[in-house]
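Read off the chains here:
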Amino acid sequence: MPLSPDHSDEELVDAFIEGDNKAFSAIVERHRKRLTTVARRYTRNEYDAQDVVQEAFLRASCNLHNYRRESALSTWLHRLVKNTGYDYLNHRANRENASLDSDDFADDRNPLLAHNPSENLAEQLVVREAMELLRQDQREALMLTDVAGFRVNEVATAQGVKPGTVKSRRARAREVLREAIG
C-alpha cells in the first residue's frame, strides 16, 4: 500500500507487520516530538531524551506484533517511553551512587573505582575460550539475552526466528559453557 500522511496508526502498524519499513518511519515521524517531550521529564536534557525515545522506538519495532490495539498506538508508545525513562532513572541513580563526589568514603581509597585489570584474568580467558566453542547463532542468543538483557521475543524478532529457537540456542550455549568451564 502506498503510504500517505492520511493513513491511520492502525494502517501503519499493519503495513509494518507485513514488512513495510517505511510504515514504521511514518509512525516515528508522527509521534517523535510528543514522545521526546515525555522523555525530557525523566532525563532533564535533550541528548538523553533522544536516547530514551530511540530506545523506546527500538522496543516498539521489536514488539509491534504484540500491540493488542486495546488502546491507541500513541498510548502504547507513551508507555514504552515511560518504561524506558524509568530504566534511565534507575541506571542514572546507580551511576550517581558510584560518584566521585560522594562523601561515603572517609579516606582516599574508593573501592568502587579500584580496578585491577589482571584480577580474574584466568577466569576471563577460560570464559573467552569457552565462548569460541559456541556456534555464532548460539553465542548471539546468549549474549543478547543474558548479557545485553534483551527479552527472548525481542531477540527472536530481530533475528527473524521463533522464540523457541532463541531459547534452544541459549540452552545449548549454556550447556557447552558449563562443560568447558567445569
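Since the structure is predicted, the reported quantities are computational estimates derived from the model, not experimental observations.

### Let's talk about the nonpolar core
Thinking step 1. Grouped together as the largest cluster of nonpolar side chains are 26 residues, with contacts concentrated most on Phe24, Ile27, Leu64, Leu73, Trp76 and Leu77.
Thinking step 2. Among the elements of the structure, α1 (9-17), α2 (21-43), α3 (46-63) and α4 (73-97) are those that each provide at least two residues to this core.
Thinking step 3. The dominant element in this core, judged by the number of residues it contributes, is α2, at eight residues.
Thinking step 4. Contact partners of Leu77, with chain neighbours within four places excluded, come to Ile27, His31, Leu35, Phe57 and Ala60.
Thinking step 5. Among the nonpolar cores identified, the runner-up in size contains six residues, and Met131, Leu134, Leu142 and Ala173 belong to it.

### Considering the pattern of salt bridges
Thinking step 1. In this structure the tally under the stated criterion is eleven salt bridges.
Thinking step 2. The salt bridge involving Arg59 is made with Asp87; its shortest N-O contact spans 2.9 Å. One end of the pair, Arg59, is in helix α3; the other, Asp87, is in helix α4, with 28 residues separating them in the sequence.
Thinking step 3. The exposure class assigned to Asp87 is partly exposed, which follows from its relative accessible area of 37%.
Thinking step 4. Through salt bridges with shared partners, one network takes in Glu55, Arg59 and Asp87.

### Focus on unusual backbone geometry
Thinking step 1. The backbone of Arg44 sits at a positive phi, close to 65°, despite the residue not being glycine.
Thinking step 2. The topology assignment puts Arg44 in the loop between α2 and α3.
Thinking step 3. Phi at Arg69 is positive, roughly 65°, even though this residue is not glycine.
Thinking step 4. Secondary-structure assignment places Arg69 in the loop between α3 and α4.

### Some words on the packing of helix α6 (residues 136-147) against helix α7 (residues 152-159)
Thinking step 1. It is the contact of α6 with α7, at a shortest axis distance of 9 Å, that shows an interaxial angle of 135°. Taken as axis vectors, α6 and α7 run oblique relative to one another. The way α6 lies across α7 gives a crossing that is right-handed. Here α6 contributes Glu140, Ala141, Leu144 and Thr145 to the contact with α7, which in turn contributes Val152, Val155 and Gln159.
Thinking step 2. Its residues assigned to classes, the contact of α6 with α7 comprises four nonpolar, two polar and one charged.

### A closer look at the confidence of the model for the chain
Thinking step 1. Residue-level pLDDT values for the chain average 83, and 82% of them are 70 or greater.
Thinking step 2. Considering each helix and strand of the chain separately, the mean pLDDT is smallest for helix α5 (residues 121-132), with a value of 80, and largest for α1, with 92.

### Re the packing of α6 against helix α8 (residues 163-181)
The description of two packed helices rests on the angle between their axes and on the distance between the axes.
Thinking step 1. The geometry of α6 relative to α8 is characterised by a closest axis approach of 8 Å and an angle of 100° between their N-to-C directions. One way to sum up the angle between α6 and α8 is to call them roughly perpendicular. From α6, Asp137, Gln138, Ala141, Leu142, Thr145 and Asp146 reach across to α8, where they touch Val166, Arg169, Arg170, Arg172, Ala173, Arg174 and Leu177.
Thinking step 2. Here the contact of α6 with α8 is composed, by residue class, of five nonpolar, two polar and six charged.

Calculation rules
- Residues numbered from 1 in each chain as written.
- Predicted model: local features only at pLDDT ≥ 70, side-chain atom pairs only at ≥ 80, totals over all residues.
- Heavy atoms only, no water.
- Core = buried A, V, L, I, M, F, W, Y, C linked by side-chain atoms within 4.5 Å.
- Buried < 20%, exposed > 50% of the residue type's maximum accessible area, 1.4 Å probe, protein only.
- Helix = DSSP H or I, 4+ residues; strand = E, 2+ residues; numbered from the N terminus.
- Contact = heavy atoms within 4.5 Å.
- Salt bridge = Lys/Arg side-chain N within 4 Å of Asp/Glu carboxyl O.
- Axes fitted to C-alpha atoms, helices over the stretch in contact; angles between N-to-C directions.
- Parallel < 35°, antiparallel > 145°, perpendicular 65-115°, else oblique.
- Left-handed = near helix turned anticlockwise from the far one by under 90°.
- Nonpolar A, V, L, I, M, F, W, Y, C, P; charged D, E, K, R; others polar.
- pLDDT = per-residue confidence, 0-100.

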